[in-house]
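# Tertiary structure, described
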Amino acid sequence: MNNNKSSYGIARAHNGAIGESRTKSFLIDRFWILERSVDIEGADIIIQRRLQGQGILDDVPPRFGIVQSKFSQDENTPHLLKQEYVIDEKGKPHQEFFLILNVGFEDSQKMCLMSAKDIVENFNVDTDGYFRLSTKKIISKFPIVNKGSSLDFIDNSIQCAEFYKNRLYIFKELKSPKPNFNSIYPDFKRNIDYVDGNIPDLFKEQKLRAYDFIVEIEKMHSLLLKFIQEVDPVEACYIAESFNHYHQDRIETPQIFNKDFYYKCKRYFDQINLLKGDGVLETYLSLKKIVKDEVDNFLSSNIRNVDVNSQLIVYLKYSSKDLSNLIIQNEIKPLNDITPKDYFSYSVLTEGEIKMLVNIGLNVRNSDLSTCFNECCLIDVMEKIYELRYFDINNKAK
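Cut-offs and rules
Think of each chain on its own: its residues are numbered from 1, step by step along the sequence as written. Only residues with pLDDT of at least 70 are given local features in this predicted model, and only at 80 or more are side-chain atom pairs given and counted; all residues enter the totals for whole chains, interfaces and linings. In computing side-chain properties, one takes all heavy atoms of the structure into account and sets aside hydrogens as well as water. Residues grouped as a nonpolar core are buried Ala, Val, Leu, Ile, Met, Phe, Trp, Tyr and Cys residues, joined through side-chain atoms within 4.5 Å. Residue burial is assigned from relative accessible area. The probe radius is 1.4 Å, only protein chains are included, and a residue is buried under 20% of its type maximum, exposed over 50%, and partly exposed in between. Runs of E in the DSSP output that reach at least two residues are strands. Runs of H or I that reach at least four are helices, and both are numbered from the N terminus. Contacts are assigned to residue pairs that have any heavy atoms within 4.5 Å of one another. If DSSP finds at least two bridges between two strands, the strands pair. The axes used here are C-alpha line fits, helices contributing only the stretch in contact, and every angle between their N-to-C directions lies in the interval 0 to 180 degrees. When two rings of Phe, Tyr or Trp (its six-membered ring) have centres within 6.5 Å they constitute a pair, described as stacked for plane angles under 30 degrees, edge-to-face for angles over 60, and tilted for the intermediate range. Only when the NZ of Lys or the CZ of Arg is both within 6 Å of the ring centre and within 35 degrees of the ring normal is a charge said to sit over the ring.

A separate point is the nonpolar core. Counting 41 residues, the largest nonpolar core has Tyr-284, Leu-312, Met-356, Phe-373 and Ile-385 as the members making the most contacts within it. The element best represented in this core is helix α9 (residues 281-302), accounting for eight residues. Apart from the residues within four sequence positions on either side, Leu-312 is in contact with Val-295, Phe-298, Leu-299, Glu-331, Ile-332, Met-356, Leu-357, Val-358, Ile-360 and Phe-373. Tyr-85, Leu-101, Met-114 and Ile-138 belong to the second largest nonpolar core, which has 19 residues in total.

Following this line, the structure appears as structure tokens:
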């Protein structure tokens with residue numbers, strides 16, 4: 001019995017070491033890695049964004065991420081995770097906590113990434129205060145398909161985490177931090193774009209508009225306060241004159257709420273949640289780069305064959321089940337007798353199979369022929385892959 005316990009303990013320690021080693025190898029390309037002298041289950045690895053010129057003793061220190069590393073021999077291996085590592089006293093997920101699960105050995109290796117929010121939404125807490133994690137479920141829904149995209153997600157999550165929720169160090173802020181106009185919930189920085197604008201950029205514009213208004217109000221407040229505190233009526237008149245000169249008829253309430261932006265954000269978040277719920281988010285995000293690279297390489301090799309009457313045909317075939325097994329075929333053909341009205345259209349538009357026709361000869365006529373796949377075409381193709389999976393668009397070509 002003792003030998004069995006000893007063997008089990010050795011195997012567990014060995015597997016844990018494998019998991020941590022693989023996790024560090026994954027993280028080290030993007031982050032500085034700090035280790036605790038005592039191995040506490042909730043913080044196997046502490047990571048810091050690579051920010052030059054900023055240290056932990058600054059008035060506003062850099063944010064840290066907490067990574068829990070786990071290892072599973074196979075998909076049947078269960079895991080326990082204390083709820084206090086994942087959620088705060090109010091039950092809200094810690095935005096800077098991540099679980100990286102390594103599965104299998106040698107050629108069967110897999111790696112998965114979950115945020116605290118992912119854990120809360122997919123697993124329950126038992127009566128002892130532990131999340132009970134299923135390796136099989138994690139593999140099916142949270143595989144790391146594109147390492148760069150997963151590292152971006154961790155990076156963006158740490159950027160977005162509030163300073164006061166960083167539990168590694170406790171500092172007292174001596175001054176108000178400068179506003180971070182780029183701060184946005186990390187899922188909105190996923191590589192999903194719309195033709196009419198990028199959500200993080202649009203959000204930043206609205207924040208800047210609001211901040212400009214705050215600055216203007218603060219200037220007004222400062223002069224009005226001086227006026228009220230002044231005991232010399234003559235000096236007070238000078239202040240009032242200055243106030244009227246700089247601010248009369250100048251302040252306009254900014255239009256912060258934008259209905260179109262609201263519905264775009266709702267649609268974006270619904271898209272993320274549907275894809276994540278099916279376990280295909282990372283695969284979907286990786287498709288965009290694959291399609292772009294394939295078409296760009298084809299155009300680069302065949303650009304001399306393009307003239308004013310050319311049509312680019314991009315044919316995609318993929319598994320409708322999980323968006324895998326992508327096949328891309330490109331071809332340049334002469335246009336038919338009738339010149340298409342639109343820059344691009346579809347001759348095949350069904351789930352798992354798409355054929356896009358691009359009037360690339362128009363680029364020659366406009367002297368803007370490029371070896372890069374048109375961004376509008378790329379975004380629209382990705383939209384069609386998503387819509388065909390989740391919505392009935394009558395399976396008809398445009």
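Right, let's talk about the sheet that holds strand β10 (residues 344-350) for a bit. Taken together, the four strands give an open sheet; going across it, the order is β9-β8-β11-β10, and neighbouring strands pair in antiparallel fashion. Strand pairing shows two members of the sheet lacking a second neighbour, β9 (327-334) and β10, which therefore form its edges. For this sheet the average axis-to-axis angle between neighbouring strands, irrespective of direction, equals 15 degrees. Strand direction decides the pairing type here: strand β8 (residues 310-317) and β9, joined by eight bridges, are antiparallel.

Inspection of the secondary structure puts Ser-149 in helix α5 (residues 147-160). Residue classification places Ser-149 among the buried positions, given a relative accessible area of 16%. Beyond its immediate stretch of four places on either side in the chain, Ser-149 contacts Arg-190, Glu-282 and Leu-285.

How two aromatic rings sit relative to each other is given by the distance of their centres and the angle of their planes. One pass over the full model with this rule turns up ten aromatic pairs. With 6.5 Å between their ring centres and 45 degrees between their planes, Phe-257 and Tyr-262 make a pair best called tilted. For the ring pair Tyr-386 and Phe-391, a centre distance of 5.8 Å and an interplane angle of 70 degrees mean the geometry is edge-to-face. You can call Tyr-386 buried: its relative accessible area is 3%. A residue is classified by how much of its surface remains accessible, and Phe-391, at 44% relative accessible area, is partly exposed. Members of the aromatic cluster, connected to one another through ring pairs, are Phe-188, Tyr-268 and Phe-269. Here the guanidinium or amino end of Lys-137 rests over the ring plane of Phe-123, the centre of that ring lying 5.1 Å away.

Before going further, it helps to spend a moment on the pairing of strand β5 (residues 97-103). Counting buried positions over the seven residues of β5 gives seven, a clear majority of the element. Residues of β5 alternate between two faces, with Phe-97, Leu-99, Leu-101 and Val-103 on one and Phe-98, Ile-100 and Asn-102 on the opposite face, all of them buried. Inspection of the sheet shows strand β3 (residues 64-72) paired to β5 by seven bridges, in the parallel sense. Looking at β5, one finds that Ser-69 is bridged to Ile-100. Where β5 and strand β6 (residues 110-115) come together, six bridges link them in antiparallel fashion. Residue Leu-101 lies in a different strand from β6, and its bridge partner there is Cys-112. Taking the residues between adjacent antiparallel strands as the criterion, β5 and β6 are bridged by six residues, where Gly-104 takes a positive phi near 80 degrees.

When you line up the elements, Asp-296 lands in helix α9. Looking at Asp-296, the relative accessible area reads 11%, which means it is buried. Other than its neighbours up to four places away in sequence, Asp-296 contacts Thr-371, Cys-372 and Phe-373.

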